[in-house]
4 protein chains.
Amino acid sequence: MTTKIKVAVFGASGYTGLELLRFLARHPQVELTALTSREYNGRPVAEVFPSLARFIRLPFVPPDPNLAWQVQVAFTAVPHQTAMALVPPLLAAGCRVVDLSADFRFRHRAVYEKWYQPHSAPELLTEAVYGLPELHREKLPQARLVGNPGCYPTCVILGLAPLVKARLVDLTSLIADCKSGVSGAGRGASLTTSYCEVHDSFKAYQVASHRHTPEMEQELSSLAGSPVKITFVPHLVPMSRGILGTLYGSLTKTLRDEEVFHLYQEFYQRQPFVRLYPPGTLPTTQHVRGSNFCDLGFKVDQERGRIIVISAIDNLARGAASQAVHNFNLMMGLPETLGIDLPPITP
Amino acid sequence: MTTKIKVAVFGASGYTGLELLRFLARHPQVELTALTSREYNGRPVAEVFPSLARFIRLPFVPPDPNLAWQVQVAFTAVPHQTAMALVPPLLAAGCRVVDLSADFRFRHRAVYEKWYQPHSAPELLTEAVYGLPELHREKLPQARLVGNPGCYPTCVILGLAPLVKARLVDLTSLIADCKSGVSGAGRGASLTTSYCEVHDSFKAYQVASHRHTPEMEQELSSLAGSPVKITFVPHLVPMSRGILGTLYGSLTKTLRDEEVFHLYQEFYQRQPFVRLYPPGTLPTTQHVRGSNFCDLGFKVDQERGRIIVISAIDNLARGAASQAVHNFNLMMGLPETLGIDLPPITP
Amino acid sequence: MTTKIKVAVFGASGYTGLELLRFLARHPQVELTALTSREYNGRPVAEVFPSLARFIRLPFVPPDPNLAWQVQVAFTAVPHQTAMALVPPLLAAGCRVVDLSADFRFRHRAVYEKWYQPHSAPELLTEAVYGLPELHREKLPQARLVGNPGCYPTCVILGLAPLVKARLVDLTSLIADCKSGVSGAGRGASLTTSYCEVHDSFKAYQVASHRHTPEMEQELSSLAGSPVKITFVPHLVPMSRGILGTLYGSLTKTLRDEEVFHLYQEFYQRQPFVRLYPPGTLPTTQHVRGSNFCDLGFKVDQERGRIIVISAIDNLARGAASQAVHNFNLMMGLPETLGIDLPPITP
Amino acid sequence: MTTKIKVAVFGASGYTGLELLRFLARHPQVELTALTSREYNGRPVAEVFPSLARFIRLPFVPPDPNLAWQVQVAFTAVPHQTAMALVPPLLAAGCRVVDLSADFRFRHRAVYEKWYQPHSAPELLTEAVYGLPELHREKLPQARLVGNPGCYPTCVILGLAPLVKARLVDLTSLIADCKSGVSGAGRGASLTTSYCEVHDSFKAYQVASHRHTPEMEQELSSLAGSPVKITFVPHLVPMSRGILGTLYGSLTKTLRDEEVFHLYQEFYQRQPFVRLYPPGTLPTTQHVRGSNFCDLGFKVDQERGRIIVISAIDNLARGAASQAVHNFNLMMGLPETLGIDLPPITP
């Protein structure tokens, strides 16, 4: 039996942190060593999250970068801007980092700074690997720093990658109409995520202005080899977990559903966490709940020359925590499904 | 005080029927005379729908067309194909009809028969008025037969009408990504509308193949004066009521949000049931719940030359029952808001 | 036609305030004159609550007691302790008041001060009428000040009153196991009412220690003519509206369901807002949603000598806003159902 | 490495079946050999339940008792009455059985037949072990047939056992007010479990007449050593999973919360799947979701001499499937937490 890998989670008391703990607490090669939370400093994790009683006996500690000296890998589930200050000292201490914020997802500083704010560690941007294993698997074993993708970009990029790479869609025609459960907004209390404001209602937000847009455009442009523009409209669904993306593109040639299916089969062969739905069937968020799967289905609107791709993920798992563990497994040379090979929970 | 108008409701025991009864039971000019239900024949309405106890003392009766002789107006909330057999004898008995099925919404028999099945009363298609008051208000006072619009078409047509009429969008670029509450599927028990299959999940269905597509294309083409094609993708939201349409079109010229707002203001001035959201704000289904309003908001995606319109209605009220009462008011020369001028219920 | 009654609502921007506005905006004898909100001072009501667009054109104003000079009646939907400071100047200005806080619900200062905090206007406690119309109808026409009941007490007192008054239950055996929708917690953002904390979950809170207990005991003791003790356990249901009370008592004599039904029929005859379910049927919260009804059903557990009463109300309507309007109607000599005779909205 | 145990699941296409498959598919000592379904006979399991794609490659087969010859253990997740016909041939073929129906939960045929219907295999009733591991752990290693407990009885018996055994509550005073998610009603489509009938509503059903009552009374009486009577009222909560029981009893002596806590600590020490909440905190269903835990909390209502116990389980997991696997582990001499030691999923 090999020695376990010592791991710290910074920002462990949000929903993404909680989901990380759910996976890491039972990961056979992980030893949870330090879990930080400013808000709950000193309190036992299982008191704040009773679901974890019997699994985690540690208390939360303050987010001290020196914790890096005690561990081999740190997951940083902190807000953007906080991450860019935290990550350099962690790396300096010899720690490898999976960052779940937006701070290390962009190759170009200018793009980041246009959508966020000035970057204090821009020298790390070229080094950081964009942690979508299906696209960047080969860079992960050597990576010191992984920028774990946003939840919406994970859903949209995986949904469009084969079509964009094959140039089967007009690159100016792309639309991503995405619908997310409420946990994507985090655990902080606010009127917009209050039960009565969300329940039995449906709404769009940040229409064509959401910060996940440039992430999608970066990766899709890279696949296409030329600039891709996408109109992205997120919506809030009265459910806790799940993102469904309905992705539209104008076809550059006539295609049948079966041809699309085969294109995706080829693109995603040997990827353990992408599941394809045969023509005539479609994914739903319920069937990926709690898991690392991305489920994909297709329909060509022949009469209007358009393709519609349906992409479903769990925003907290594949859109954040379990994808981070997937990246971790690949970084550490472990079997890639270790600790995240759980069936979705349904109903 | 005027004599009340005697009214029958055929198919009164579905959700649309129940919603009709909610409005008609308190309509000051309506006397409910006959309410039909095959399933609940003989049982008091208030026993089947306890919410209506103290409001309706009638029992359900069988759907006999001869009931038409006792009333001036019939609402037919029966399935398509049933309606085409029921409506002719009602008209023959001198009754005026608001039909809530799909059977009298199409001007062209061929279109109907392509999407549904053969039509047994095609001679009524040219006479029937498509009951979207904002578009066909002037024909309603004389109408003998109104084809009450589908829920999705109501949402989409009202959302796109001003842009399409002004030819500000490319007529081949339209996409309607719509999300509906579960009551739109009716009251019959089925696995697909079972609680555990819907709750905490989200899915698309009948992608680019839903029967409401030709209704949208008929009315939008008529407004444009030339053929309009639209890709329509409906989705199921874990909520009971409400439809939100996210409507996309490529702009034929550069527009600012404010210009769009003014275009809509002009188009919908003096329409009591369309409410416009100023730039920077967006409608939600919660704020129209239980009401006859259609709430509209806009956002131009300047960089991608595209407009996004958000359209929100209550599928059972504006998408069916209260719109039927609106049509009824206009047919009978009553104040158009009578009985349906209720604020939405929120939260 | 009579002149309308000028009305102010203090604390109009919470959920209770919003629900009051929904009823008052269409009340035929009410002229809304001033709506106060500290938080939204100066903003149009319809901007904060888009559901009310087209119904209310006023902006929110600060909660100045001098507004009382402009109106005949004030509804005070402010927190307890705030109300006890606000109400005396309103009364002094000649205004009549329906207070929706807890401050004027108790006959005995000591009881109030045990469960809340010191009372600054105790001299008003004997004057104030406990606004449960079914029990105190005769005192309302003369009332200057009404203490509108709490939501849980409304549900429980109406459910147990006939049995307690007839002494058919052991007065030490009473248990009220109540389940409430989330809107009862108000509109302020907090982790406990965040969507993801409530959704797909169920919990008890303030077990046998909730402040609504003494309200129930006061009224039930008064009906019984001797002290009543009740164990009250509230629970949070993942829904927005509704309270269902499951009320238990040990029978002092053998009773059949039908006898209980007749006892309640007699007790509540001529009460327009109490509806009784015949033996074998039971109320649900869905069938009272948005309305002023209290629906009651019964079941005797013969083998264990116990009765179970099921009581259903809408917590925002009958549990607060519409009951306040009911009290207002009775205070002002108006038909008691005016403005609140709306059918529940379902589904 | 040991050889895996061959297992069949009869009735694998309901929600309990699906939940069994979720656990068994990843159980390290189980080889799924045959999964039966009348309805889906011949279809791949992963086509019916897309969540299980990549985990189960078997198709459903018809429920042939001869399948018993191929396996060592059968889980029978079929309706009561079906089970009593199926189980004898399974046992005759040398198979051991965990039956999830009600057919083998009762020690006395008369009790079963009073609440259900005539029993065709009464000779097995004395042999069958009531599969609540905390109470009958020692009988499981030898058991040929286990009657897996009902969901409500699991919740209620675990909640009351320590108090009843210690005779600290009056045995005629017990009330179990239980609230269940909708999955407890099974996967069959019906109006009562339709989304719109359940959503944003709350109701009681089968008040003091539910078939789980005698199961509770059997086990609690056995613990007490004398007859226990309990009033049991189940309710339907708008959520998919979870049962919360609010359990009431009159105390036979004065107790503080801490004393109750210690009583439970002693009773449940070394039980891996019972978690106790310290005084002042309470369990919720969210924190056991998807897991085999039963979480318990307490509150003494000193003034009224009553204790309230809060008991939370996941109805599909601890209330059925994972408890069945727990029984299986104990029957087969495996580590008892094998395959079911997963943290709850929250939010």
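Computed from a predicted structure; not experimentally measured.

**Student:** Could you give me a rundown of the overall build of chain A, with the residues and numbers involved?
**Tutor:** Within chain A, the secondary structure is distributed over ten helices and 13 strands. For 347 residues, the compact-globule estimate of 2.2 N^0.38 gives 20 Å, and the C-alpha radius of gyration of chain A, at 20 Å, lies within 12% of that figure. Across its three principal axes, chain A shows a C-alpha extent of roughly 60 × 45 × 45 Å. For chain A, restricting intrachain contacts to residue pairs at least 6 apart in sequence, the fraction spanning at least 24 positions comes to 70%.

**Student:** Give a description of the sheet that holds strand β10 (residues 243-250) of chain B that names residues and reports values.
**Tutor:** Residue and element names in this part refer to chain B. If you trace the seven strands from one edge of the open sheet to the other, you get β8-β9-β7-β10-β13-β12-β11, paired in mixed fashion. Only two strands of the sheet have a single neighbouring strand rather than two, namely β8 (203-204) and β11 (274-276). Bridge count for strand β12 (residues 294-301) against strand β13 (residues 306-313) is seven bridges, and the pairing is antiparallel. Bridge assignment links Leu-296 to a residue of β13, and that residue is Ser-311.

**Student:** Describe the interface of chain A and chain C, listing the residues and the values that go with them.
**Tutor:** Taken together, the contact between chain A and chain C spans 14 residues of the former and 14 residues of the latter. With three residues, helix α7 (residues 195-198) of chain A is the largest single contributor of residues to the side of chain A that touches chain C. Grouping the constituent residues of the side of chain A that touches chain C by class yields seven nonpolar, six polar and one charged.

**Student:** Could you give an account of the relation of the copies chain A and chain C, with specific residues and numbers?
**Tutor:** One copy of the chain maps onto the second through a rotation around an axis plus a translation along that axis. The operation relating chain A to chain C is a screw motion whose rotation component is 180°, with 0.0 Å of axial translation and a residual RMSD of 0.0 Å. Taken together, the rotation angle and the small translation identify this as a two-fold axis. The residues that chain A uses at the interface reappear at the interface of chain C in 100% of cases, marking a shared surface.

**Student:** Help me get a handle on the pairing of strand β2 (residues 30-35) of chain D, residues and values and all.
**Tutor:** Residues and elements named next belong to chain D. Where strand β1 (residues 5-10) and β2 come together, five bridges link them in parallel fashion. Within β2, the residue paired with Lys-6 across the bridge is Glu-31. Handedness of the crossover is the feature at issue here: the chain leaves β1, passes through helix α1 (residues 15-24), returns alongside β2, and the resulting connection is right-handed.

**Student:** Account for the domain arrangement of chain A, naming residues and giving values.
**Tutor:** Residue and element names in this part refer to chain A. Looking at chain A, the domain boundaries give domain 1 (5-148 + 318-331) and domain 2 (152-315). Each of domain 1 and domain 2 was reduced to a C-alpha centroid, and the two centroids are 25 Å apart. Every contact between the two is made by 19 residues of domain 1 and, on the other side, 25 residues of domain 2. Only α4 (109-115), α5 (133-136) and α10 (317-331) provide two or more residues apiece to the side of domain 1 that touches domain 2.

**Student:** I'd like a rundown of the packing of helix α1 (residues 15-24) of chain C against helix α10 (residues 317-331) of chain C, residues and numbers included.
**Tutor:** Residues and elements named next belong to chain C. Closest axis-to-axis distance for the α1/α10 pair is 9 Å, and the angle between their directions is 40°. Relative to α10, the element α1 lies oblique. Once α1 is placed against α10, the crossing between them reads as right-handed. Between α1 and α10, the contacting residues are Thr-16, Glu-19, Leu-20, Phe-23 and Leu-24 on the first element and Ala-317, Ala-320, Ala-321, Ser-322, Ala-324 and Val-325 on the second. Considering only residue class, the contact of α1 with α10 consists of eight nonpolar, two polar and one charged.

**Student:** Which residues make up the pairing of strand β13 (residues 306-313) of chain C, and what values go with them?
**Tutor:** Residue and element names in this part refer to chain C. Burial analysis of β13 places eight of its eight residues in the buried class, which makes it a mostly covered element. Examined bridge by bridge, strand β10 (residues 243-250) and β13 share eight bridges and lie antiparallel to one another. Note that in β13 the partner of Leu-247 across the bridge is Val-309. Counted between consecutive antiparallel strands, the loop separating strand β12 (residues 294-301) from β13 contains four residues, among which Gly-305 sits at a positive phi close to 65°.

**Student:** Help me get a handle on the relation of the copies chain B and chain A, residues and values and all.
**Tutor:** For the match of chain B to chain A, the screw axis carries a shift of 0.0 Å, the RMSD comes to 0.0 Å, and the turn is 180°. Taken together, the interface assignments show that 100% of the residues at the interface of chain B recur at the interface of chain A, consistent with an identical surface on both copies.

**Student:** Any details on the interface of chain B and chain A? Residues and values, ideally.
**Tutor:** Opposite the 36 residues of chain B that make contact, chain A presents 36 residues. Its residues assigned to classes, the side of chain B that touches chain A comprises 16 nonpolar, eight polar and twelve charged.

**Student:** Residue-level account of α1(D), with values.
**Tutor:** Buried residues dominate α1(D), accounting for ten of its ten residues. Within the span of α1(D), buried status applies to D:Tyr15, D:Thr16, D:Gly17, D:Leu18, D:Glu19, D:Leu20, D:Leu21, D:Arg22, D:Phe23 and D:Leu24. Of the surrounding elements, those touching the buried residues of α1(D) are α7 (195-198) of chain B together with β1, β2, β3 (73-76) and α10 (317-331) of chain D.

**Student:** An account of the environment of D:Glu39 is needed here, citing residue identities and associated values.
**Tutor:** All names here are of chain D. Structurally, the position occupied by Glu-39 is in the loop between β2 and α2 (45-48). Take Glu-39: there are 11 C-beta atoms within 10 Å of it, and that puts it in the exposed class. Linking Glu-39 and Cys-155, residues 116 residues apart in sequence, is a C-alpha distance of 31 Å.

**Student:** Give a detailed account of the environment of D:His262, specifying residues and quantitative values.
**Tutor:** Within the element layout of this structure, D:His262 appears in helix α9 (residues 257-268). A tally of 13 C-beta atoms within 10 Å means that D:His262 is categorised as partly exposed.

**Student:** Give me the lowdown on the sheet that holds strand β4 (residues 96-99) of chain B, citing residues and values where you can.
**Tutor:** Residue and element names in this part refer to chain B. Read from one edge of the open sheet, six strands run β2-β1-β3-β4-β6-β5, paired in parallel fashion. Of all strands in the sheet, those bounded by a partner on one side alone are β2 (30-35) and β5 (129-130). Looking at chain direction, strand β3 (residues 73-76) and β4 are connected through four bridges and run parallel. Bridging across to β4, Phe-75 finds its partner in Val-98. Of the strands in this sheet, β1 (5-10), β2 and β3 are in contact with helix α1 (residues 15-24), which crosses β1 at around 165°. Most of the contacts of helix α3 (residues 82-92) go to β4, to which it runs at about 160°, and overall it touches β1, β3, β4 and β6 (145-147).

**Student:** Lay out unusual backbone geometry with the relevant residues and their values.
**Tutor:** Cis geometry marks the peptide bond from A:Thr346 to A:Pro347, where omega comes out at 5°. By secondary structure assignment, the location of A:Pro347 is in the segment after α10. Of note in the backbone geometry, D:Arg54 takes a positive phi value of approximately 80° without being a glycine. Not every positive phi belongs to a glycine, and D:Ala208 is a case in point at roughly 55°. Inspection of the secondary structure assignment puts D:Ala208 in the loop between β8 (203-204) and α8 (213-224). D:Ala208 gets classed as buried once you count the C-beta atoms within 10 Å, which come to 22.

**Student:** For helix α8 (residues 213-224) of chain B, give the residues involved together with the corresponding values.
**Tutor:** Residues and elements named next belong to chain B. The end-to-end C-alpha separation of α8 is 16 Å, in line with the 16 Å expected for twelve residues at 1.5 Å each. Turning to α8, its buried residues are Thr-213, Pro-214, Glu-215, Met-216, Gln-218, Glu-219 and Leu-220. Buried residues along α8 sit against α4 (109-115), β5, α5 (133-136), α6 (151-165), β7 (174-180) and β9 (230-236). Gly-225 sits one or two positions beyond α8 and adopts a positive phi of about 80°.

**Student:** Break down the packing of helix α6 (residues 151-165) of chain C against α10(C) for me, with residues and values.
**Tutor:** All names here are of chain C. Between α6 and α10, whose axes approach to 8 Å, the crossing angle comes to 95°. One finds that α6 runs roughly perpendicular with respect to α10. For the pair α6 and α10, contact is made by Cys-151, Thr-154 and Cys-155 and by Arg-318, Gly-319, Ala-320 and Gln-323, respectively. When grouped by side-chain class, the residues that make up the contact of α6 with α10 number three nonpolar, three polar and one charged.

**Student:** How would you summarise the confidence of the model for chain A if you had to cite specific residues and measurements?
**Tutor:** In this model, chain A carries a mean pLDDT of 97, and residues with pLDDT of at least 70 account for 99%. Taken together, the chains of this predicted complex give a pTM of 0.98 and an interface ipTM of 0.97.

**Student:** So what's going on with the environment of D:Val309? Which residues, and what values?
**Tutor:** Residues and elements named next belong to chain D. You can see Val-309 is positioned in strand β13 (residues 306-313). Residues Val-309 and Leu-247, spaced 62 residues apart in sequence, show a C-alpha to C-alpha distance of 5.0 Å. Those residues in contact with Val-309 that lie beyond four places of it in its chain are Gly-159, Leu-160, Leu-247, Leu-296 and Phe-298.

Criteria and thresholds
Residues numbered from 1 in each chain as written. Chains lettered and ligands numbered in written order. Predicted model: local features only at pLDDT ≥ 70, side-chain atom pairs only at ≥ 80, totals over all residues. Helix = DSSP H or I, 4+ residues; strand = E, 2+ residues; numbered from the N terminus. Rg over C-alpha atoms; globule rule 2.2 N^0.38 Å. Contact = placed C-beta atoms within 7 Å. Pairing = 2+ DSSP bridges. Nonpolar A, V, L, I, M, F, W, Y, C, P; charged D, E, K, R; others polar. Least-squares fit on C-alpha atoms with pLDDT ≥ 70 in both. Right-handed = clockwise from strand over helix to strand, strands pointing away. Domains from an automatic or database assignment. Axes fitted to C-alpha atoms, helices over the stretch in contact; angles between N-to-C directions. Parallel < 35°, antiparallel > 145°, perpendicular 65-115°, else oblique. Left-handed = near helix turned anticlockwise from the far one by under 90°. Buried ≥ 20, exposed ≤ 12 C-beta atoms within 10 Å, placed from the backbone. Expected span 1.5 Å × (residues − 1). pLDDT = per-residue confidence, 0-100.

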